[in-house]
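One-letter residues, chain by chain:
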Amino acid sequence: MVLEKIDKSIQNLSDVDKLVLEHPEYDETIMQLYVESGVLDVWKIDHAINPWHYDAKFLEDVGNRQPDDVRWYCKSTLLEGSRTENRYVENAKVYQYYYSMRPRQTIAMLIEFYQMLANNHATRLDIAEDWLMRHP
């Protein structure tokens, strides 16, 4: 792995964050590794597999065929955190804090990534709430 060549002590993403913050000379390389790894595109898989999570019309179609499953999905989605308090918003806040201390391209990219995930989550919440209100 390329990161091991940069720093053998890296064990997890928190270690990568620390490396970027403490060593600006690795910022561009690590940003590129994130991009090339595909980790920033993983969300696209859920969109492709479950388009009904993100589109009210699709959710309605699935709900017409499997109302109990869609009801369960909607209720469980609403338990995943609010629009303002969820793991994506929290991660974006952490990276915003990091960026305020030490601006790095990698950190800016991760802020955008987690904000996008937070927006996706908000969309899922909106669609799930709407479906449940129309199908009590």
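Residues numbered from 1 in each chain as written. Predicted model: local features only at pLDDT ≥ 70, side-chain atom pairs only at ≥ 80, totals over all residues. Heavy atoms only, no water.

1. Considerations on the pattern of salt bridges
Keep this limit in mind: By definition here, a salt bridge exists when the distance from a side-chain nitrogen of Lys or Arg to a carboxyl oxygen of Asp or Glu is within 4 Å. Strands are runs of DSSP state E lasting at least two residues, helices are runs of H or I lasting at least four, and both sets are numbered from the N terminus onward. Under the scheme applied here, a residue whose accessible area is under 20% of the maximum for its type counts as buried, over 50% as exposed, and between as partly exposed, the area being computed with a 1.4 Å probe on protein chains only.
In the structure shown here, the tally under the stated rule is eight salt bridges. For Arg 83, the salt bridge identified is with Glu 129, shortest N-O distance 2.8 Å. Note that Arg 83 is positioned in the loop between α6 (67-78) and α7 (87-101) and Glu 129 in helix α8 (residues 105-134), a separation of 46 residues in sequence. Overall, the relative accessible area of 33% leaves Glu 129 in the partly exposed class.

2. Some details on the environment of Ser 82
Our working rule: When checking whether two residues touch, look at their non-hydrogen atoms; a contact exists if any pair is within 4.5 Å. Distance and chemistry together define a polar contact, namely a pair of N or O atoms within 3.5 Å, with one atom able to donate a hydrogen and the other to accept it when in protein, and with adjacent residues in sequence counting only for side-chain atoms on both sides.
Within the secondary structure, Ser 82 is located in the loop between α6 and α7. Overall, the relative accessible area of 33% leaves Ser 82 in the partly exposed class. Along the sequence, Ser 82 and Ala 118 sit 36 residues apart, while their C-alpha atoms lie 9.7 Å from each other. With residues near it in sequence (within four places) discarded, Ser 82 still touches His 121 and Leu 125. A polar atom in the side chain of Ser 82 sits 2.8 Å from the backbone nitrogen of Glu 85.

3. A look at the confidence of the model for the protein
Close inspection of predicted coordinates is inappropriate in any region flagged by low pLDDT. Our working definition: A residue's pLDDT is simply how confident the predictor is in it, with values from 0 to 100.
Residue-level pLDDT values for the protein average 91, and 91% of them are 70 or greater. Mean pLDDT values for the elements of the protein range from 58 in helix α1 (residues 2-6) up to 97 in α8.

4. Regarding the packing of aromatic side chains
Where we set the bar: Here is the rule: rings of Phe, Tyr and Trp (six-membered ring for Trp) pair when centre to centre is within 6.5 Å. Planes less than 30 degrees apart are stacked, more than 60 are edge-to-face, and the remainder are tilted.
If you walk through the whole model with that rule in mind, you get five aromatic pairs. Measuring from ring centre to ring centre gives 5.7 Å for Tyr 95 and Tyr 114, while their planes differ by 10°; the resulting arrangement is stacked. With Tyr 95 in helix α7 and Tyr 114 in helix α8, this pair connects stretches of sequence that are 19 residues apart. No difference in accessibility class separates Tyr 95 from Tyr 114, as the two residues are buried.

5. Here's the deal with the nonpolar core
The following threshold applies: Grouping buried Ala, Val, Leu, Ile, Met, Phe, Trp, Tyr and Cys residues that are joined through side-chain atoms within 4.5 Å yields what is termed a nonpolar core.
With 20 residues, the main nonpolar core has Ile 30, Tyr 34, Leu 40, Tyr 95, Ile 107 and Tyr 114 as its most contacted residues. Broken down by secondary-structure element, the contributors of at least two residues to this core are α2 (13-22), α3 (27-37), α7 and α8. Per element, the largest residue contribution to this core is eight residues, and it comes from α8. Counting residues in each nonpolar core, the second largest holds ten residues, with Trp 52, Val 70, Ala 128 and Trp 131 among its members.

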